[in-house]
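Commentary on secondary and tertiary structure
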Amino acid sequence: MTEAAHWIEPHPHGIYIKPADAWIDPSRPVSRALVTHGHADHARGGHEEVWATPETLAIMGLRYGTHSGQAIRYGDGFDLGGVKISYHSAGHVLGSAQILMEYEGERVVATGDYKRRADPTCEPFDVVPCDIFITEATFGLPVFKHPETEVEIQKLLSARAANPDRCILVGAYALGKAQRVIGELRNAGYNNPIYLHGALKKMCHLYQTLGIALGDIRPVMDTEKDAMRGAIILAPPSALNDRWSRRLPNPITAMASGWMRVRQRARQRNVELPLIMSDHADWEELTQTIKEVSPSETWITHGREDALVHWCSLNQMKARALEMVGREEEDD
Ligand SMILES: [Zn+2]
Ligand SMILES: [Zn+2]
């Protein structure tokens, strides 16, 4: 038997598709890049040609300046060197895509990052059956079980209600998590202004431009300290403990991340109110997804590969861990 998908070569800095002479999420500049989503560990600047969803191109444009690229909508197919390629929603952040490649009768899906939970700021994950499933495994250990999002949002709202003279400062990454926290608060009926650190402003506005409703969002910079008592304020995680937060009324420090499940990580950032909210699949969702996609082989790109490889072998499925570098920089 010949090796499966011999036309795809996993390298530490990206997945190379030989007949298309193109790379998926290369971590260094290449001539042809297929980009799954806008996070910095997947979308780098400096490629000659880029294929990505219109939203991902807009995000790359915001981060790297004007970017020439081919906009690929979910479900649309195109041909590159005989490989039929199409993009399908990954449910991770706005515009995030899984890439389906069909060549010589084989179907290969590279997920990029994905999650299965509902997210008011992006399309849900699309199950795309294939022969080879190239999956992430950021939370690929049975201990990772994300709680219901509503429960975490209620924690945030209760802390706010119990402390009317203080504010709640929530650390959230600029792309995806910040907008999702806002969207989930709106879904929970919270309609007050939400205040933003300057570093979150542009991405939130881009989301609004792309049709995602975030309600009344305002810059902290233009607001009096006293007006922010009882308010919810979002900032990038790096700003949680810096001088900037002194302008806020006695903040309760929170952070929204899948890693808040790990107590040590919350302690490292002096987080009083950990909110476990992840944009990645947890263990059950990873294994459930593999069952649904039902591939003959699973390749695991980044995260905790070993447990998932082991799970696959217990379930009579072929699996291999790929050695990828430089992932998870702003992913949680
Ligand atoms: Zn990501
Ligand atoms: Zn990632």
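Read on for a plain summary of the structure. (Residues numbered from 1 in each chain as written. Chains lettered and ligands numbered in written order. Predicted model: local features only at pLDDT ≥ 70, side-chain atom pairs only at ≥ 80, totals over all residues. Heavy atoms only, no water.)

1. Side note on unusual backbone geometry
- One non-glycine residue, N250, lies in positive phi territory at about 45°.
- Along the chain, N250 falls in the loop between β15 (232–235) and β16 (252–256).
- Residue N250 is classed as partly exposed on the basis of its relative accessible area of 47%.
- Positive phi is not limited to glycine here, since Q316 has a value of about 55°.
- Locating Q316 in the fold gives a position in the loop between α7 (305–314) and β19 (318–321).
- Q316 sits in the exposed class, given a relative accessible area of 72%. (Helix = DSSP H or I, 4+ residues; strand = E, 2+ residues; numbered from the N terminus. Buried < 20%, exposed > 50% of the residue type's maximum accessible area, 1.4 Å probe, protein only.)

2. A closer look at the sheet that holds strand β2 (residues 14–17)
- Taken in spatial order, the six strands of this open sheet run β1-β2-β3-β4-β5-β6, and their pairing is mixed. Of all the strands in the sheet, just β1 (8–11) and β6 (70–71) have a single pairing partner and so form its edges.
- In this structure, strand β4 (residues 32–34) lies alongside strand β5 (residues 49–52), joined through three bridges in parallel fashion. Bridging across to β5, R32 finds its partner in E49.
- Of the strands in this sheet, β5 and β6 are in contact with helix α1 (residues 54–64), which crosses β5 at around 130°. (Pairing = 2+ DSSP bridges. Contact = heavy atoms within 4.5 Å. Axes fitted to C-alpha atoms, helices over the stretch in contact; angles between N-to-C directions.)

3. Comments concerning the packing of aromatic side chains
- Counted under the stated rule, the structure contains nine aromatic pairs.
- Taking the centre distance of 5.7 Å and the plane angle of 90° together, the rings of F144 and W259 count as edge-to-face. Remark: W259 occurs in the loop between β16 and α5 (263–268) and F144 occurs in the loop between β11 (132–137) and α2 (149–162); sequence separation between them is 115 residues. Judged on exposure class, the residue F144 and its partner W259 are both buried. (Phe/Tyr/Trp six-rings, centres within 6.5 Å; stacked < 30°, edge-to-face > 60°.)

4. Here's the deal with the pairing of β19
- Pairing of strand β18 (residues 297–303) with β19 involves four bridges; the strand directions are parallel. The residue bridging E297 from the neighbouring strand is K318, located in β19.
- What joins β18 to β19 is α7, and the crossover it makes is right-handed. (Right-handed = clockwise from strand over helix to strand, strands pointing away.)

5. Details of the environment of P19
- Residue placement: P19 occurs in the loop between β2 and β3 (22–24).
- P19 gets classed as partly exposed once you look at its relative accessible area, which sits at 25%.
- As a C-alpha pair, P19 and M221 span 202 residues in sequence and 51 Å in three-dimensional space.
- If sequence neighbours within four positions are ignored, P19 has contacts with W7, L80, G81, V83 and Y103.

6. Structural notes on the nonpolar core
- Counting residues in each nonpolar core, the largest one holds 35 residues, and the members touching the most others are V170, L185 and L234.
- Put simply, the parts of the chain that give this core at least two residues each are α2, β12 (168–171), α3 (177–187), β13 (194–196), α4 (198–209), β15, β16 and β17 (273–275).
- Ranked by the residues each element gives to this core, the list is headed by α4, at five residues.
- When neighbours within four sequence positions are excluded, L234 is seen to be in contact with V170, A178, V181, I182, I194, Y195, L196, H197 and L200.
- Within the second largest apolar cluster, 28 residues are counted, among which are A5, I72, Y87 and I134. (Core = buried A, V, L, I, M, F, W, Y, C linked by side-chain atoms within 4.5 Å.)

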